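# Observations on chain architecture
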Amino acid sequence: MAHDPMAHDIPPFSGFGLGLRREHYPDFLSGEAAVDFVEVISENFMVDGGRPLAVLEQVRAHYPVILHGVSLSVGSAHGVDTDYLARLRTLADRIEPLWVSDHLCWTRTSAHNSHDLLPLPYTREALDVVCDNIGRAQDALGRTILLENPSSYLTFPEDEMAEWEFIAAMAQRTGCALLLDVNNVHVSSRNHGFDADAYIAALPHDRVRQVHLAGHTPGEIVIDTHDRAVCDDVWALYQRTMRLLGPVATMIERDDAIPPLAELLVELDQARALDEGARVREAA
Amino acid sequence: MTLARQQAAFMAQVLDEEAALPPGWDARRAAGMAVYRNNYRTALVEAMRATYERTARWVGEAAFARAAAHHLILLPPASWTLDVVGRGFSYTLAELFARDPEVPELAALEWAMHCAFTAADAVPLDGAGLAAATAAFSDEDWGAMQVALVPGTVLVPARHNLAALWQALGEDAFAAPDYALAAPTDWLVWREGLNPVFRQTDAAEALALAAVLRGANFGDMCAELVARFGEAVGVARAGALLGQWIGDGLVAAVSR
């Protein structure tokens, strides 16, 4: 039976979390890291057995877990990979995550997989493809999923709508929830010259369940590298964003040049303070 | 142009740095494509370096990066999992390092250890379990017995002392003596609990393991040992090997 996302909405979860990285395993395995949830890269645990699954099950005993994927490829014109979805479902059934998320992008053709989050042209045809694929994924997984806005380094001459219009239409048609990556909005706004606040204002805020924060590499083209602290501009955009959103899970991504956990926890405290400040100001 | 054709063209441009970009693309879009091309190569070479850490150390980072890039051109990834990006790399290295045969052998061992790391879980059969499973066996049952080894178990043939090379490459500074062996051997790779491990085999054990791994029953395995080593040695080794494999935690199950 087809999954009905409208009838199975994802309950909001409010909290602050980090990604599970090998360097910090001891802190998360002992349950001593002061976070409200842990996010993991789904594909790293879509394996037959061994240490990765043993670690994840132990971490899950201490924390709610979010499965964040990079290979669903909802933008692929050739459709979603049913074997991939079956493996993801097996993992989700085993871990019982808060939710399952992936990116608004494509990663593969029928012949090759780039293992990168490639950009989509924002056309009506692409929107049809994305919505069909999200529907199939939600049916196969038996759950509503979150889709994350990408960072991108080029746009297409064929574009027929803005990215935020594409995302709003996607959420409306599929009932999917949204993972709003504030850093990605900032990166793409710099690369493509749009107004980051206008982008975020145009999204359906009631569909947002999670927010990502990360660092990036400045330059002529700004690159989403996740290898440094969140910058001041992104913190400011985050605070303005939190005035618009209901309860969400906020997470800081760090995938390279990974610092000691204590350093990331200080960043997470900054997110907590800005969120609280935003909500106090909004209430006043 | 349909989305499918546009994506096929875009993928070809990511995979091939020399591929022409679509007509009408400006310098800004070309610069964006350069980012995607770089992301693709960097991420995949890094994934291969993680799988082949010791091979990279042995040949040097620059030579490894060139070999990995060459392999990715020969075999662009098709699967959703980065875990298999390095599949077949030992064959690529055998061509690139034809004068250094220990290089593909080391890579083959690293690949086997990598695969064993995430192989399916199994609870190895211990001595009591074997006794219980075979308590009611007739002689015919013993002959027909299928021995299932724990998932991830493979043999890696080599002409070099991979144990010594492996150990040396795990240390801060390593020597580079000639690791060649007097005779070819097979290295047995399996997972002990959560840890992939390997050890050397002798000719009889390698013959027996190869038989079991291709699905031969215990009787056929014995027959191969007898044919190669004679009746007395062959039969004695068959029983001793089964006991050794039980002790090593190599046997997942036996069945008639």
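Here goes a summary of the coordinates provided. (Residues numbered from 1 in each chain as written. Chains lettered and ligands numbered in written order. Predicted model: local features only at pLDDT ≥ 70, side-chain atom pairs only at ≥ 80, totals over all residues. Heavy atoms only, no water.)

## Section: helix 6 (residues 182-192) of chain A
With 9 of its 11 residues buried, helix 6 of chain A lies for the most part within the structure. Buried residues of helix 6 of chain A: Val 182, Asn 183, Asn 184, Val 185, His 186, Val 187, Ser 188, Ser 189 and Asn 191 of chain A, and no others. On its buried face, helix 6 of chain A sits against strand 7 (146-148), strand 8 (177-181), helix 7 (196-201), strand 9 (208-213) and helix 8 (232-242) of chain A together with helix 2 (27-51) of chain B. Sitting at the head of helix 6 of chain A, Asp 181 of chain A places a side-chain oxygen 3.0 Å from the backbone nitrogen of Asn 183 of chain A. A positive backbone phi angle near 75° is found at Gly 193 of chain A, which sits one or two residues after helix 6 of chain A. (Buried < 20%, exposed > 50% of the residue type's maximum accessible area, 1.4 Å probe, protein only. Helix = DSSP H or I, 4+ residues; strand = E, 2+ residues; numbered from the N terminus. Contact = heavy atoms within 4.5 Å. Polar contact = N/O pair within 3.5 Å; in protein donor to acceptor, adjacent residues only side chain to side chain.)

## What about the pairing of strand 9 of chain A?
The two faces of a sheet get side chains in turn, since along a regular strand they alternate between them. Residues and elements named next belong to chain A. Within strand 9, 6 of the 6 residues are buried, leaving the element largely enclosed by the surrounding structure. The pairing of strand 8 with strand 9 spans 4 bridges and is classified as parallel. Bridge pairing links Leu 180 to Val 211 in strand 9. Here strand 9 pairs with strand 10 (residues 249-252) via 4 bridges, running parallel. (Pairing = 2+ DSSP bridges.)

## Things to note about the sheet that holds strand 1 (residues 15-19) of chain A
Judged by pairing direction, the barrel is parallel, and its 8 strands sit side by side in the order 1-2-3-4-7-8-9-10 (chain A) before closing back on the first. Neighbour-to-neighbour, the strand axes of this sheet turn through a mean angle of 25°, independent of strand direction. (Axes fitted to C-alpha atoms, helices over the stretch in contact; angles between N-to-C directions.)

## A look at the packing of aromatic side chains
Residues and elements named next belong to chain B. Counted according to the given criterion, the structure contains 22 aromatic pairs over all chains. Aromatic side chains Phe 10 and Tyr 36 sit 6.0 Å apart centroid to centroid with 70° between the ring planes, which places their arrangement in the edge-to-face category. Separated by 26 residues along the polypeptide, Phe 10 in helix 1 (residues 3-15) and Tyr 36 in helix 2 bring together distant segments of the chain. Ring geometry for Trp 166 against Phe 198: centres 5.4 Å apart, planes inclined by 70°, an arrangement best described as edge-to-face. With Trp 166 in helix 9 (residues 162-169) and Phe 198 in strand 4 (residues 195-200), the pair connects residues that are 32 residues apart, well separated along the chain. (Phe/Tyr/Trp six-rings, centres within 6.5 Å; stacked < 30°, edge-to-face > 60°.)

## A few points about the sheet that holds strand 2 (residues 154-160) of chain B
Residues and elements named next belong to chain B. Strand order in the open sheet formed by 3 strands is 2-3-4, and the pairing between neighbours is antiparallel. Two strands close off the open sheet at either side, each with one partner strand: strand 2 and strand 4. Each strand axis lies, on average, 25° off the axis of its neighbour in the sheet, ignoring direction. Note that strand 3 (residues 180-192) and strand 4 share 6 bridges and pair antiparallel. Its bridge partner lying in strand 4, Trp 187 is registered against Gln 200. Packed onto the sheet, helix 6 (residues 102-117) meets strand 2, strand 3 and strand 4 and runs at close to 160° relative to strand 2. This element, helix 10 (residues 203-213), spans strand 2, strand 3 and strand 4 of the sheet and lies at about 145° to strand 2.

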